[in-house]
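What follows is the residue order along each chain.
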Amino acid sequence: EAGVTQFPSHSVIEKGQTVTLRCDPISGHDNLYWYRRVMGKEIKFLLHFVKESKQDESGMPNNRFLAERTGGTYSTLKVQPAELEDSGVYFCASSQVGGNTEAFFGQGTRLTVV
Amino acid sequence: GESVGLHLPTLSVQEGDNSIINCAYSNSASDYFIWYKQESGKGPQFIIDIRSNMDKRQGQRVTVLLNKTVKHLSLQIAATQPGDSAVYFCAENYTGRRALTFGSGTRLQVQP
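Definitions and limits used
- Numbers given for residues are sequential positions, taken from 1 along each chain in its written order.
- In the order they appear in the text, chains get letters beginning with A and ligands get numbers beginning with 1.
- In keeping with the model being predicted, local features are shown solely for residues with a pLDDT of at least 70 and side-chain atom pairs are shown and tallied solely at 80 or more, while totals for entire chains, interfaces and linings include all residues.
- Heavy atoms throughout the structure, all of them, feed into the side-chain values; hydrogens and water do not.
- Ring geometry is summarised as follows: Phe, Tyr and Trp rings, the Trp one being its six-membered ring, pair when their centres sit within 6.5 Å, and such pairs are stacked at plane angles under 30 degrees, edge-to-face over 60 and tilted between the two.
- Helix and strand assignments follow DSSP, with helices taken as H or I runs no shorter than four residues and strands as E runs no shorter than two, numbered in order from the N terminus.
- Between buried and exposed lies partly exposed: a residue is buried under 20% and exposed over 50% of the maximum accessible area for its type, with that area taken using a 1.4 Å probe on protein chains only.
- Only protein atoms enter the 1 Å grid, on which a cavity is a set of points fitting a 1.4 Å probe that cannot get out and a pocket is an open set with protein on both sides within 12 Å along at least 5 of 7 lines, lining residues being those with an atom within 4 Å of a point.
- Grid points are joined across faces, edges and corners, and a volume is the space filled by probe spheres set on the points.
- All residues other than Ala, Val, Leu, Ile, Met, Phe, Trp, Tyr, Cys, Pro, Asp, Glu, Lys and Arg, Gly among them, are scored as polar; the first ten of these are nonpolar and the last four charged.

Colleague: Requested: an account of the packing of aromatic side chains, with residues and values cited.
Modeller: In total, this model carries 12 aromatic pairs over all chains according to the counting rule given. Measuring from centroid to centroid gives 6.0 Å for F105 of chain A and F102 of chain B, while their planes differ by 80 degrees, and the two rings are edge-to-face. Residue F105 of chain A is located in strand 10 (residues 104-105), and its partner F102 of chain B is located in strand 9 (residues 97-102); the two belong to separate chains. Each member of the pair, F105 of chain A as well as F102 of chain B, carries the same accessibility label: buried. Considering the side-chain rings of Y36 of chain B and F46 of chain B, the 6.5 Å spacing of their centres and the 85 degrees angle between planes classify their relative orientation as edge-to-face. With Y36 of chain B in strand 3 (residues 32-38) and F46 of chain B in strand 4 (residues 45-51), this residue pair connects regions lying 10 residues apart in the sequence. Overall, Y36 of chain B belongs to the buried group, its relative accessible area being 0%. Taking relative accessible area as the criterion, F46 of chain B reaches 23% and is therefore assigned partly exposed. Pairwise contacts between aromatic rings join Y33, Y35, F45, F91 and F105 of chain A together with Y36, F46, F89 and F102 of chain B into one cluster.

Colleague: Lay out empty space enclosed by the protein in plain terms, naming residues and giving numbers.
Modeller: Residue and element names in this part refer to chain B. Counted according to the given criterion, the structure contains one cavity of 30 Å³ or more. Going through the elements one at a time, strand 3 and strand 9 are the ones with two or more residues in the lining of the largest cavity. Here the lining of the largest cavity takes three residues from strand 3, the largest share from any one element. For the lining of the largest cavity, a count of residues per class yields six nonpolar, four polar and two charged.

In structure tokens form, the structure reads like this:
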């Protein structure tokens, strides 16, 4: 069974440009999460989807970030326009519904804004 | 791989020794705790979890201890191996919130 996959694995963009990250969760997982780790600090929560609905977006830093999960399958996270402080590793995770269940993480997308 | 955390605490142990990694949390409402292992270039990998109604849980070569009184969590790795070298994160959440709050991480270096 395929795990959580993220694309691209690396992205280098200039300040002011737009970047879209994609996450394909494990099939059948209704919960999908975005996290990021910037400047080598702790991993921080961005938002949580249940199917196509945003359940919790309290971690989204500002309105330059837009996450979507059309159809409740894969998700995209768009940063527009990108700023230098957006550089970091963006992780996606998915889990099944019901109680506290294990969240499986993707390998992450390393975003570098120059 | 991922960039090195400039201020990441590091634990260096000899191969075969036992390792203890500690984590403090602040939210007294947290009732679910997880330890993750992250190797370079990979995402966090689940190691072991524990719920707040327990104070100890054992897995294969790993033990998690929870002290709710002082809000402290530890991960013990028995007979540490070179393959255990990674960054270890504790994470927590509470009933009604699925998002995880991560600790800052500890880098474990195993010396052969």
